[in-house]
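Observations on the model geometry
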Amino acid sequence: MLKYVVRRTMCAGIVLFGATLLTYAMMMLAPGDAALEVAIARYGGRTLVDRDTIHWIRKKEGLDDPLHLQYLHWLQHVVRLDLGNSLVDEEPVLDLIRTRLPRTAQLAGAAVVLSLLFSIPVGLLAGMRQGSWLDSLGCALSVVGISMPNYWLGLLLILVFSVQLHWLPGFGRGDWRHMVLPVLTLATALTAYTARVLRSAVIEALQSEHLLALRARGVDSRLTLGRHVLRSCLIPVGTIVALEFGMVLEGAVITETIFAWPGIGDLLVTAVGNRDYPLIQGLVLLSATTFVVLNLLVDIGYCLLDPRVSLS
Amino acid sequence: MSALHDPGPVDVRFATDFFRRLRSNVLLAGAAAVAFLVTVVALAGPALAPHDPMQADLSLSLAAPCRQYPMGNDALGRCLLSRIIVGTRISMALGTAVVVFSCLSGVAVGLVSGYHGGLVDELLMRVTDIFLSLPEMVAAMAIAGLMGPGTGNLLLALSLTAWMRYARLVRGITLSVRGRSYVRAAQFAGVRTWCILWRHILPACFPQVIVLATVGLAKAVLAISALGFLGFGIQPPAPEWGALLLEGRNYLLTAPHLSLYPGMVIMLCVLSFNILGDALRDSLDAGD
Amino acid sequence: MSVVSEPGVGVPVLSLRELSVLLPVRPGDIFRSRSVPVLNGVSLDVHAGEIFCLVGESGAGKTTLLDVILGFCVVQKGTIRFRGRQVEQGRGPGRLQLNRNTQVVFQDPVASLSPFRPLGRSIVEPLQARGADRAEMRKTVRQLCRRMQIPRSLLRRRPSQVSAGQAQKICIARALSTAPDLLLLDEPLSALDNPACQETTMLLCRLQREYGLTCLLVSHDLRLVRAMATTVAVLYLGRIVEQGPADSFFERPAHPYSRALLSSALVPGLWPGQRIVLEGEMPSPLNAPAGCPFHPRCPERYSRCSRMPPPLRHVRPNHFVRCHRAGQGSSVQTATGHIAELECCEQLRSSQRPC
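Residues numbered from 1 in each chain as written. Chains lettered and ligands numbered in written order. Predicted model: local features only at pLDDT ≥ 70, side-chain atom pairs only at ≥ 80, totals over all residues.

1. Notes on the overall build of chain B
Here is the rule: Segments assigned H or I by DSSP are reported as helices when at least four residues long, segments assigned E as strands when at least two residues long, and all are numbered from the N terminus. Exposed residues have 12 or fewer other C-beta atoms within 10 Å of their own C-beta, buried residues have 20 or more, and residues in between are partly exposed; the C-beta atoms are placed from the backbone. By the convention adopted here, residues are in contact when the distance between their C-beta atoms, placed from the backbone, does not exceed 7 Å.
For chain B, the helix and strand inventory stands at 11 helices and 0 strands. Along its sequence from the N terminus, chain B presents helices and strands in the succession α-α-α-α-α-α-α-α-α-α-α. By principal-axis analysis of the C-alpha atoms, chain B measures approximately 75 × 45 × 30 Å. The proportion of buried residues among the 288 residues of chain B is 53%. Counted over contacts in chain B with a minimum sequence separation of 6, partners at least 24 positions apart contribute 70%.

Written out as structure tokens, the structure is:
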């Protein structure tokens, strides 16, 4: 089992390294002169920059070197947790992230908790009572939930609760009331998706031959059956929680933009708008690292829970 | 040589089961009808629009829905319904293109990876993992935002983040099918590799790929509008749905209809494809 | 000394020499951290017109042997010759020649036909791969259907819509469509029920007579072996422990394992004596016993068996056995038992043979 953990961690390391390569490659896609873009972003407009400034920027940021050297240079810094400075306001990227991350984490955490609170019972019930009206209702609601564009949902919520009813503020960050609408927006898609996954996991677990064999042996007690079902559901639930943290990051990008919540997502949107390469790279790398680490933890957790996995 | 028992022609049972469901389930029939309607509108395009979507009339700026303009007018007085109708073509065309590109590339990678096995498989799977480690929205945004607005860039950005699902699926199916006796018989008989892939392995993947493609279309449409809403997608004055929502956001107090209708259309479109995809998946599972 | 037929009988169609195959313990382990010897110095010759039957329990290595001949398995040691020409590991000319002139009938007929194509198309797949044109393919299908009495309506169906017996007929037709020099049969009856077994056995016998087929048949079904074989070889733990002409083999099997196999076959007339029950199971190749691999289960073992691997002994013309006991006289069965066995076999053989 230890061998599996080591092997899996090494795989994750390779994937992470590849992710840095991919992130860096994305920057190469951008057309135009990087130094010029930087200058425009920094100084405000095309007319405000002269050739000397561009030249100076190019030298300073090392944009003249061949690409693979630039990449290695960047990688060296990344490994030392130096993600460079934002091209726009010249603050260290790491500091910007550090300031904003807890705010996003606030939203994300609340959304994940809320969604788990609803999706687990709904998913379990729908799975166990497959075919009933409860199941149909759950399925219908969840398919609507995943189809609804979360930006539209956010706008609707603002329209109803903020504009018409004036119950809750529609933007910004402040006390708990500012959190309600963004968290609701984020949690809807999460709940819908998670409930579906859980439902199919429960159905599969109930139909599994293992359970049939148990029943055939006369193990009729609800408790024992329930325990076995729960055990085989625990694995998908673990995956779901990890998945949710990944999904919430994506949802946060749009949600924070709508509600003007000053978190990581909002930062990313601004960075992309400004062509702020170091910041974009840092943020993309951050999300990639989160994904990879989460998946690694899930796989190791699988291995602990389900001994069959380590043999494959 | 494993003696796996094939339960029968999967593709035939899959199709018959799906059409049976279509006849009996009202919701599914409704979803299919909506999907069909969306396709028709996308194909017919501007011909169906009651007014010229580009025609501005400032006297009608932010007018509420009325009989002549069923969905009202935007800030420049353009008919919202017409804009939405024309926008259908943009979303559907781009969405279909994304699905086609990502499907073709993903299926190709999956086939090669699963059939060859060994080092090629390991390598391709690592590459897939690397692409999977970047969250879709974040990566698409970064690529689209950096490359600049434009249909081609959007297509590239979304395809790069979508092909992996197909690759994983097809690889799994290929691995399970390539050991079967009929594939071995064909290999031994000297049938060329591409012929084996086309004749024997691809048909086995077909039903599941269809399911994935349907759901993929829904996801693509959502992603296109999301990027449009953030300003990184199709740019105005093209009436892309997400861009319409972005415009409407500024007038949430005064003209809520500008935010309601585009979003509703997006949702209905995505919903219908998701329901279709679910039904297809159920048909597939029922056949096994 | 190795198990080769006398010179002058002509170049054998298929010739295997000292074939040794190691398989990784974990499938898909491309670094082969641990390997198990699945085949150990297997040698055999198949001559033109001969039906060579390989008999053995599951796990003995029969499937691996076929995989090696088909080119799906890598060989660590040993050579394969097809019509005198060496067959290489990769895609060399020798391998291509073997593939072009050999056909296979697999174990599960329904699984060895593509579920996505009608049966008529599956029959001509080997022909198509060799570049035959439509007219030729149609002609071949017509001829085969007539010869094998396959109704035309069957050709339009899919594998899941026909019985296993019918599907196996189609597979045999497919195998014969290119008039191969060598036909490999991997347990062709194991997926069929009894009536279909009978029918298929008779069909195979008839076809062998009409076409003069050369076959390598792998089976644990001794009825089929008895009906078809000209030569029988017994495989145990990756080694051939006995090989001889069918008559000689069934009349007086020389190896204790062969005797146990025949006695357990439950085929009337095959073994009139007492059933020989073996202890234990065939061991895993990972823990192959020292000396003779069969000795832990052998009812006739003695001290030498656990110390030294037995040499190959010539007990009758063309009949070889790997046993320390061989050639020491029939010490196991009583003389009367043996003689009775001979007489019984003689009578029953002449009355039982279906072909």
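Picking up where we left off.
2. A word on the overall build of chain C
Looking only at helices and strands, one finds 11 helices and 12 strands in chain C. Looking at chain C alone, contacts between residues at least 24 apart form 65% of all its contacts between residues at least 6 apart.

3. What to know about the interface of chain A and chain B
Just so we agree on the cut-off: Here the nonpolar group is Ala, Val, Leu, Ile, Met, Phe, Trp, Tyr, Cys and Pro; Asp, Glu, Lys and Arg are the charged ones; every other residue, Gly included, is treated as polar.
Taken together, the contacts link 39 residues of chain A with 38 residues of chain B. Of the residues in the side of chain A that touches chain B, the class split is 31 nonpolar, 6 polar and 2 charged.

4. A short note on the sheet that holds strand 8 (residues 215-218) of chain C
Residues and elements named next belong to chain C. Using the following cut-off: The pairing criterion for strands is at least two bridges between them, as found by DSSP. Structural elements are reduced to axes, namely lines fitted to C-alpha atoms, with helices fitted over the stretch in contact, and the angle between N-to-C directions of any two is expressed from 0 to 180 degrees.
Read across the open sheet, the 8 strands follow the order 6-7-8-3-9-10-12-11; overall the sheet is mixed. Here the strands that pair on one side only, and so sit at the sheet edges, are strand 6 (102-105) and strand 11 (312-316). In this sheet, neighbouring strand axes are inclined to one another by 20° on average, regardless of whether the strands run parallel or antiparallel. In the sheet, strand 11 pairs with strand 12 (residues 319-322) via 4 bridges, with the strands oriented antiparallel. In the strand pairing of strand 12, Leu-312 is matched with Arg-322. Along the sheet, helix 1 (residues 62-70) contacts strand 3 (51-55), strand 6, strand 7 (182-186), strand 8 and strand 9 (231-236); its crossing angle with strand 7, the most-contacted strand, is approximately 145°.

5. Overview of the pairing of strand 10 (residues 239-245) of chain C
Residue and element names in this part refer to chain C. In terms of burial, strand 10 is largely enclosed, as 6 of its 7 residues are buried. In the sheet, strand 9 pairs with strand 10 via 6 bridges, with the strands oriented antiparallel. The partner of Tyr-236 across the bridge, within strand 10, is Arg-239. Linkage of strand 9 to strand 10, two consecutive antiparallel strands, is achieved through a turn of 2 residues, within which Leu-237 is found at a positive phi near 50°.

6. Thoughts on the environment of Leu28(B)
Residues and elements named next belong to chain B. As for its placement among the helices and strands, Leu-28 is situated in helix 2 (residues 26-44). The exposure class assigned to Leu-28 is buried, which follows from the 20 C-beta atoms found within 10 Å. In sequence terms Leu-28 and Ser-259 are 231 residues apart; their C-alpha atoms lie 27 Å from each other. Those residues in contact with Leu-28 that lie beyond four places of it in its chain are Arg-21, Leu-22, Ile-275 and Ala-279.

7. A closer look at helix 3 (residues 80-116) of chain B
Residues and elements named next belong to chain B. For clarity, the threshold we go by: The span one expects for a helix is its residue count, reduced by one, times 1.5 Å.
Here helix 3 spans 53 Å end to end across 37 residues, near enough to the 54 Å set by a 1.5 Å rise per residue. Extensive coverage of helix 3 is indicated by the burial of 26 of its 37 residues. Positioned one or two residues after helix 3, Gly-117 has a phi angle of 70°, which is positive.

8. Concerning the packing of helix 6 (residues 133-147) of chain A against helix 8 (residues 176-207) of chain A
Residues and elements named next belong to chain A. Using the following cut-off: Any angle that falls under 35 degrees is termed roughly parallel, while one over 145 is termed roughly antiparallel, one within 65 to 115 roughly perpendicular, and all others oblique. In a left-handed crossing the near helix is turned counterclockwise from the far helix by less than a right angle, and in a right-handed crossing that turn is clockwise.
The contact between helix 6 and helix 8 brings their axes to 8 Å, and the two run at 135°. Regarding the angle of helix 6 to helix 8, the classification is oblique. Where helix 6 crosses over helix 8, the handedness of that crossing is left-handed. Contacts from Gly-138, Ser-142, Gly-145 and Ile-146 in helix 6 reach Thr-188, Ala-189, Thr-191, Ala-192, Tyr-193, Ala-195 and Arg-196 in helix 8. Within the contact of helix 6 with helix 8, the residues separate by chemical class into 5 nonpolar, 5 polar and 1 charged.

9. Focus on the sheet that holds strand 4 (residues 77-82) of chain C
Residue and element names in this part refer to chain C. Read from one edge of the open sheet, 4 strands run 2-1-4-5, paired in antiparallel fashion. At either margin of the open sheet sits one strand with a lone partner, and together these are strand 2 (35-46) and strand 5 (85-86). Looking at chain direction, strand 4 and strand 5 are connected through 2 bridges and run antiparallel. Within the sheet, the bridge partner assigned to Phe-82 lies in strand 5 and is Arg-85.

10. Let's talk about the nonpolar core
Within soluble globular proteins, side chains that are nonpolar tend to cluster in buried spots. Quick note on the threshold: Connectivity within a nonpolar core runs through C-beta atoms within 7 Å, and the core itself is a set of buried Ala, Val, Leu, Ile, Met, Phe, Trp, Tyr and Cys residues.
Core analysis: the largest hydrophobic core is formed by 250 residues, its most contacted members being Ala140(B), Met141(B), Ala142(B), Leu227(B), Cys53(C) and Leu217(C). Setting aside residues no more than four positions away along its own chain, Leu217(C) makes contact with Ile51(C), Phe52(C), Cys53(C), Leu54(C), Leu185(C) and Met228(C).

11. Focus: unusual backbone geometry
Residue and element names in this part refer to chain C. Backbone geometry at Glu-187 places phi at a positive 45°, although glycine is not the residue there. Relative to the helices and strands, Glu-187 is located in the loop between strand 7 and helix 7 (194-211). According to the C-beta neighbour criterion, Glu-187 is buried, with 22 such atoms within 10 Å. Notably, Leu-237 is not glycine yet its phi reads approximately 50°, a positive angle. Here Leu-237 lies in the loop between strand 9 and strand 10.

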